[in-house]
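Residue-level listing of the chains:
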Amino acid sequence: MDWSRVPTLAIPEDDGVWEYRPGAPVPAVAERTVPLPPKRDFFEKINGSAINSAAMQGVVSYVLDRPGEGDSDSRLVTWDMRAGHVLGTFSRPGKWAVLALDDEGGKVLVRSDEFGFGKQNLLELWVLRDGECVPIASWRPHPEAWAGNGDLKWAAFLDAETFATCSGGGNLVLWNAADCRPLVQVTIQSGCIPALSEDRAWLAFAVGDRLCLLDTAQREITAARSFPRKPDAPFFAFDASGRKLACADRSGVMIWDLTDGRVEAEFAPAGIPVGGPIAMPDEDFVLLHRRTLVSVRTQVNVWEYTGTEAAETLGGVTFLITGGMNGPGVVVAAKLPHESARQALEKALTQPDLFVFRKGVSVRLDVSAIPPAEQARVRDALTKKLAAQDIRVVPDAPVTVAAGVDPPKHKEVSYHMHGDYKVTEHAAWVRIRYESQDLWQSRGTNIPLFVILKKGENLEGVLRERSKRPDYSFFENVTLPQYLQKPQGNAPGRPTAIRTLGVSQIAAGGNL
C-alpha cells in the first residue's frame, strides 16, 4: 500500500478541545449461561473472542497445536446472546485468532497466530458457512518498520460498512469493509490497545501523552486531553453508559469522567500487575486481566474469577468464557460484581482490622535506600502523600513505607524510527511492607518510553542527560493505594500474590 495517499487524522493541539456526547445504550442483554463444545484435547486453547452489539452474537476462537506435529488447526464457535445457545462451529487449517465479528454475525476478522514477533501480521476476512471458514480477503494491513511492528493487536467493526484495526507499532486504520480499502489512519502510541464505546460512536486511544476520542461517524478527533502522567502501553475500556473510561497501563489505573474530560481516580491495585486487558463492567469497578475485580472507589481487590480464558462486556453484562476439558466449556453472562462480591465488599469496609493500610493508620517511613543527598526530598514528598490520605508517619509502626533507588543498570533501548541507544537506567521504587512482606510496590525509571523533542534537542542528548541520575520526581507523582488488605496466606484456588475478598471458579455449572 502507498500509505502516503491514505489521509491522516489531525490531532487537536489544544487541551480545551472536548466535544463528546455519550450515545444511546445498547439493547438489554440477558444473563444467560451458554454451554460451549468441549475442547478436543489438552493442547487446544482459547486464543480470542469478540461480540457484536448489532448482531447480538459472540464468537470464540480455539487453536489446536500439538507439540511435535507440523499440522495445526483452528475452530470458531458462535453463540446467540438473546437465546443463550451456540449457533455453529466452523474450522480452518492453521493458527488463527478471532478479532472481530460483523453486524450480521456471518463474517469475522482473524489474524495469524504464530509465535514470535512479525508472525501475527496477516489479517483475513472470513465468511462462516456450512461449518467452514471461507477466506474472502487476505492481506498485511500495517507497515512494518521492524519485526513485530505490524503485528495485529486489536480490531472491531464500527458499523456494517467500516472496521478498524490497530498494530503493535501504533498504526490505527479505518477500513471500507466492502473492498478492504484504507479510509483514514492515525499514529497512536506503540503498545496502545484502543477501546470502542458500546454504541460504537467513539474510539478511545493514546497519542503520546494525550487521550484522544475519535467520532467514528465523522472520522474526526473531537476530544483530546493530557494524561496526568505519561501512559505506558495503555489498554482502554468504556463503561456501559459511555460516561466513564478506564485506562490500565504498567503503572496503574486511571478513570476518566468523559462528561468533562477529567480524571476522577488514579490508583495502583495492590498485588496485581496492571498492565494488560481491562474492562469496566460497572462504573465503580474494573476487571483486570479478565479475572480480578477491583473497586474504583475503595481500591479493594474484591473478587477473582479463576479459569477465565476470555472476557467481553456489553450492556452492563460481562461474558466470562472458559473452555472445557473433560466436559463442555461455558460462557457465563453476569452482572459484575455479582451479589456475593457486593456483600463481601460492604462487610469488609466495616471491619477496620481487615486493612493494614488505610485512612487513619500510622506508618514508618524508610528512605535508607535513597542516596543521602536526596533523602530529605523523598521523605518530604512521601510524607505529603501520606498526609493527604490522613496517614501519620511515626518512628515505630507495623507498616513500613519504604523508598529506594536500584543500582545503575546499563542497557540498550529502541525507539521507533530512531534506532537503538545505550542508556543507564536508575529504577526508583516505593514499597509498602507488613511483617516483612511486601504488600504493594510501584516502580519508575529515568528512561522514558517515548520522548517529545523540543526545538534544538536531539534524542541522543536527551537520553545522555536522563542517564546521569534517577528521576526523583517519581516520588512526588507516585499514587499510593487507599486500602491494603491484611495478608491471609494461601487459599484454595487463590494465588497469594492476588489478595481478594473472594474467589469463584468459572466452570460448566455457570454459578458464581
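To start, this report covers the structure provided alongside it.

### Here we look at the overall build of the chain
So, step 1. Of the regular secondary structure elements, the chain holds 4 helices and 38 strands.
So, step 2. The C-alpha radius of gyration of the chain comes to 24 Å, within 12% of the 24 Å expected for a compact globule of 512 residues.
So, step 3. Taking the principal axes of its C-alpha atoms as reference, the chain extends roughly 70 × 60 × 50 Å.
So, step 4. Expressed as a percentage of its 512 residues, the buried residues of the chain come to 55%.
So, step 5. Within the chain, contacts between residues at least 6 apart in sequence are counted, and of these 55% link residues at least 24 apart.
So, step 6. Working note: accessible area of the chain is about 22,500 Å², and carbon and sulfur atoms make up 48% of it.
So, step 7. Computed over 57 positive and 63 negative side-chain charges, the separation of the two mean positions in the chain equals 4 Å.

### Points about helix α3 (residues 459-466)
So, step 1. The complete set of buried residues in α3 reads Leu459, Val462 and Leu463. Down the axis of α3, the buried set is contained in an arc of 95°. They therefore lie on one face.
So, step 2. Capping of α3 at its N-terminal end is provided by Asn458; its side-chain oxygen lies 3.3 Å from the backbone amide nitrogen of Glu460.

### Some remarks on the sheet that holds strand β1 (residues 33-36)
So, step 1. The antiparallel open sheet is built from 4 strands, whose spatial order is β1-β28-β27-β26. In this open sheet, the two strands that pair with only one neighbour each are β1 and β26 (310-314). Here the average twist between neighbouring strands, direction ignored, is 15°.
So, step 2. Where β26 meets strand β27 (residues 317-322), 5 bridges bridge the pair, whose relative direction is antiparallel. The partner of Thr313 across the bridge, within β27, is Thr318.

### A short note on the packing of aromatic side chains
Any two aromatic rings considered together are summarised by their centre-to-centre distance and by the angle between their planes.
So, step 1. All chains considered together, the criterion is met by 14 aromatic pairs.
So, step 2. Their ring planes at 85° and their centres at 6.2 Å tell us that Trp3 and Trp175 sit as a pair that is edge-to-face. With a gap of 172 residues between them, Trp3 in the segment before β1 and Trp175 in strand β12 (residues 171-176) connect regions that are remote in the sequence.
So, step 3. Between Trp139 and Trp175, the aromatic rings sit 5.6 Å apart at their centres with planes inclined by 70°, giving edge-to-face as the arrangement. Note that Trp139 is positioned in strand β9 (residues 132-139) and Trp175 in strand β12, a separation of 36 residues in sequence.
So, step 4. For Trp139, a relative accessible area of 12% corresponds to the buried category.
So, step 5. The structure contains a cluster of three or more aromatic residues connected by ring pairs, namely Trp3, Trp139, Phe157, Phe163 and Trp175.
So, step 6. Above the plane of the ring of Phe42 lies Lys45, whose end atom (NZ or CZ) is 4.5 Å from the centre.
So, step 7. Arg75 extends its terminal NZ or CZ atom over the ring of Tyr62, reaching a point 4.3 Å from the ring centre.

### Structural notes on the environment of Trp256
So, step 1. Following the sequence through the fold, Trp256 ends up in strand β20 (residues 252-257).
So, step 2. Classification of Trp256 as buried rests on a relative accessible area of 1%.
So, step 3. Placed 10 residues apart in sequence, Trp256 and Ala246 show a C-alpha to C-alpha distance of 6.4 Å.
So, step 4. Discounting residues that sit within four places of it in the chain, Trp256 has contacts with Leu211, Arg225, Ser226, Phe227, Pro228, Arg243, Lys244, Leu245, Gly261, Arg262 and Val263.

### Considerations on the side chain of Thr322
So, step 1. Take Thr322: it is sitting in strand β27.
So, step 2. Exposure remark for Thr322: the relative accessible area of 8% places this residue in the buried category.
So, step 3. Of note is the side chain of Thr322, whose polar atom sits 2.8 Å from the backbone oxygen of Gly307.
So, step 4. Among the polar contacts made by the side chain of Thr322, one reaches the side chain of Glu309 at a distance of 3.3 Å.

What counts, and where the lines are drawn
- Residues numbered from 1 in each chain as written.
- Predicted model: local features only at pLDDT ≥ 70, side-chain atom pairs only at ≥ 80, totals over all residues.
- Heavy atoms only, no water.
- Helix = DSSP H or I, 4+ residues; strand = E, 2+ residues; numbered from the N terminus.
- Rg over C-alpha atoms; globule rule 2.2 N^0.38 Å.
- Buried < 20%, exposed > 50% of the residue type's maximum accessible area, 1.4 Å probe, protein only.
- Contact = heavy atoms within 4.5 Å.
- Areas by Shrake-Rupley, 256 points an atom, 1.4 Å probe, with all protein chains shown as cover.
- Lys, Arg positive; Asp, Glu negative; His and termini not counted.
- Charge placed at Lys NZ, Arg CZ, Asp CG, Glu CD.
- Arc of directions from axis to C-beta.
- Polar contact = N/O pair within 3.5 Å; in protein donor to acceptor, adjacent residues only side chain to side chain.
- Pairing = 2+ DSSP bridges.
- Axes fitted to C-alpha atoms, helices over the stretch in contact; angles between N-to-C directions.
- Phe/Tyr/Trp six-rings, centres within 6.5 Å; stacked < 30°, edge-to-face > 60°.
- Lys NZ or Arg CZ within 6 Å of the ring centre and 35° of its normal.

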